[in-house]
Amino acid sequence: MHRYLIRRVLQALVVLLLVSMLGFSVLHLAPGGPAAIYAMTPTMSAEDLERLTRQLGLDRPVPEQYVRWAGGVLTGNWGRSYRDGRLVREVVVDRIPATLVLMVSAFTVAVGLGLFTGIVSAVRQYSLFDHLLTFGSMVALSIPTFWLGLMGIYVFAVLLRVLPPGNMGTIGADFAVGDLLKHLVLPAATLGVVMVATWSRYTRASMLEVIREDYMRTAQAKGVAAGALILKHALRNALIPLITLAGLQLPLVFSGALVTETVFTWPGMGRLFVDSIGYRDYPVLMGLLMLTAVLVVAGNLIADLVYAAVDPRVRLS
Amino acid sequence: MLSRFVRHRPAVASAVIIVFLGMGAGFAGRLRLPDPIQIQMTHKFAPPLSQGHVLGADELGRDVLSRLLHAGRISLTVGVAAMLVTVTFGALLGTLAGYFRGATDAILLRITDAMLSFPPIFLLLALAAFVPPSLASMTLIIGVTSWMDVTRMVRGQMLALREREFIQGARGLGASGGRIMLRHLLPNTVGIIAVAATLSVARAILLESYISFLGYGIQPPLASWGNMLNNAQSYFASAPWVAIFPGIAITLAVTSFNFLGDGLRDALDPRHVMQR
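What counts, and where the lines are drawn
Residues numbered from 1 in each chain as written. Chains lettered and ligands numbered in written order. Predicted model: local features only at pLDDT ≥ 70, side-chain atom pairs only at ≥ 80, totals over all residues. Helix = DSSP H or I, 4+ residues; strand = E, 2+ residues; numbered from the N terminus. Buried ≥ 20, exposed ≤ 12 C-beta atoms within 10 Å, placed from the backbone. Axes fitted to C-alpha atoms, helices over the stretch in contact; angles between N-to-C directions. Parallel < 35°, antiparallel > 145°, perpendicular 65-115°, else oblique. Contact = placed C-beta atoms within 7 Å. Core = buried A, V, L, I, M, F, W, Y, C linked by C-beta atoms within 7 Å. Expected span 1.5 Å × (residues − 1). Nonpolar A, V, L, I, M, F, W, Y, C, P; charged D, E, K, R; others polar. Left-handed = near helix turned anticlockwise from the far one by under 90°. pLDDT = per-residue confidence, 0-100. Bend = angle between axes of the 7 residues up to and from the residue.

Draft legend 1. Structural view of the overall build of chain A. The number of helices and strands found in chain A is 12 helices and 0 strands. The N-to-C order of helical and strand elements in chain A reads α-α-α-α-α-α-α-α-α-α-α-α. Within chain A, buried positions represent 37% of all 317 residues.

Draft legend 2. Representation of the packing of helix H5 (residues 88-123) of chain A against helix H11 (residues 269-278) of chain A. Residues and elements named next belong to chain A. Where H5 meets H11, the axes come as close as 7 Å, and the angle between the chain directions of the two elements is 135°. Judged by the angle between their axes, H5 and H11 are oblique. Along its contact with H5, which presents Val92, Arg95, Ile96 and Thr99, the element H11 presents Met269, Gly270 and Leu272.

Draft legend 3. The arrangement of the nonpolar core in detail. Counting 152 residues, the largest nonpolar core has A:Leu285, B:Phe122, B:Leu124, B:Leu125 and B:Ala126 as the members making the most contacts within it. Discounting residues that sit within four places of it in the chain, B:Leu124 has contacts with B:Ile141, B:Ile142, B:Thr145, B:Leu207 and B:Ile211.

Draft legend 4. Seen up close, helix H3 (residues 64-100) of chain B. Residues and elements named next belong to chain B. Its 37 residues place the ends of H3 52 Å apart at the C-alpha level, agreeing with the 54 Å of an ideal helix rising 1.5 Å per residue. Counting buried positions along H3 yields 28 of 37 residues, so the element is predominantly enclosed. A positive backbone phi angle near 50° is found at Arg101, which sits one or two residues after H3.

Draft legend 5. Just the interface of chain A and chain B, in detail. Each partner contributes to the interface: chain A provides 41 residues, whereas chain B provides 42 residues. Mapped onto the side of chain A that touches chain B, the elements with two or more residues apiece are helix H1 (2-28), helix H6 (128-142), helix H7 (145-159), helix H8 (177-211), helix H10 (226-263), H11 and helix H12 (282-310) of chain A. Residue classes in the side of chain A that touches chain B are distributed as 34 nonpolar, 6 polar and 1 charged.

Draft legend 6. Inspection of the packing of H5(A) against H6(A) at higher detail. Residues and elements named next belong to chain A. Two numbers describe how H5 lies on H6: the axes approach to 8 Å, and their chain directions differ by 130°. Taken together, H5 and H6 sit at an angle that is classed as oblique. Judged by the sense of rotation from one axis to the other, the crossing of H5 with H6 is left-handed. Of the residues in H6, those in contact with Thr117, Val120 and Ser121 of H5 are Phe129, Asp130 and Leu133. The residue makeup of the contact of H5 with H6, split by class, is 3 nonpolar, 2 polar and 1 charged.

Draft legend 7. Structural view of the confidence of the model for chain B. Overall, the predicted model of chain B reaches an average pLDDT of 86, with 97% of residues at or above 70. Interface confidence for the predicted complex, given as ipTM, is 0.88, next to a pTM of 0.90.

Draft legend 8. Inspection of the environment of B:Leu140 at higher detail. Residue and element names in this part refer to chain B. By the element assignment, Leu140 lies in helix H6 (residues 135-144). Residue classification places Leu140 among the partly exposed residues on the basis of 16 C-beta atoms within 10 Å. As for Leu140 and Ala82, which are separated by 58 residues in sequence, their C-alpha atoms are 6.4 Å apart.

Draft legend 9. Quick peek at H5(A). When the terminal C-alpha atoms of H5(A) are compared, their 50 Å separation across 36 residues agrees well with the 52 Å that a helix rising 1.5 Å per residue should span. The largest bend in H5(A) amounts to roughly 30° and is located at A:Ile96, with the proline A:Pro97 lying one to four residues further along.

Structure (structure tokens):
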């Protein structure tokens, strides 16, 4: 176990190194480069621009810039935002709670609903419910998240006027849990739809596999009640492969959060990313790219380790 | 195999829908529809079935149906072309990793892992924002950020195939590495590549719509399903049809390609019954 752990952690570190290099190259090799935004300021003279470029170190070769940036990140200095000069770390960390609230609530609903529908679907394979669910989850996986959000706003905020169309709270009002929840319903449901579909499909497939196992027939022959058979004998084993799904799903959830936050003007990391792209705010973009990638890599690593710990059949080599 | 595919009813229905969407896009110019970029302010927000607009008109009085069909041309083209890039890249890297194993495999695998660690939209947006937007650049950046799944699938298949007797036989007869890869290994992965290709068309159409919706993809006045929704949010109250139809078109196209991929997979591998 220890050797496996060490190897996996080392692999994760290599991946993160590559991630930072890829991310940095994508942003810095683009035409115009980080200085392009300043060149658009009308009051900026050529000399000022050159001085600024030198000040920010943008005249140095990209590899050198990378090393300087990476050194900074490792010592806790992520640089300053081009937009307002605030520390990137603060700008990014400020946005984490909003995204976390959105993702966790969507995730909770999705896992609960996905497991339930997946189990029913597997137990009643080829029933009408199963067919409808299979069809429905495929459609849910194919709907563009932003359009689903738009339709949600149209129906519940414009037509029915029962839910707010965006933001995290009523503007000008003091913070209240009820107010937050009301604003959370639509974005969380929008983000949750794709996740429910995935969880339901995986649960169904995993349950179907377990149900066919010999020990299930043995248990049935011994006279185990149907409910206990499904919940205790089948579900517990079917859940194991689903652990990795939680990790694998993270990149897509972040992507979904970006789109959802944009549609619902939710002040999270995704919207910060979209805004920062508009401002060509390279340090913030880089910080966000790295942070999400670190979370994804860590999530997958944890999922794999939990998987290995839960399932004794997994041999670590 | 064909009979197994035909039995997958959603897949067959999807194939029919795709043909219709393709024809709609292909013949968009020949149908007697209003010009998709012709601005006509007197028709602003004309509701469906009025003033000669079957699906209504948008904020500039342009015909929604005509725009929808022309946008389909763009979106489907990007979808299929990006798929070609994805599959070429993915199959190439997957074959190399699976055939050579060792250091080549380890390096390619870590790069694949690194690419998979970025949330797809984040990477795509970062690229799209800095490259002048065009059909070709959209296709290329979707392609170069989507090859990872294909690489992994092809690599897995290669690792299994390369130990089989017929490969050993070919090697024994003195076939070169390149020949073994191209003539013996790759043809045996056509099945999984076909499935991956179909699913990646769905993914590419979806990604294009996200990027164009966010304003960094296909630029107006050229219509794509995504950019038709770009301003839709502001016109909800007055003209919901402007927002509703493009979304239906995207959902229809993406669902169809996904079902088609599913059906292909079931047809190619009868043991594999929906396990994604």
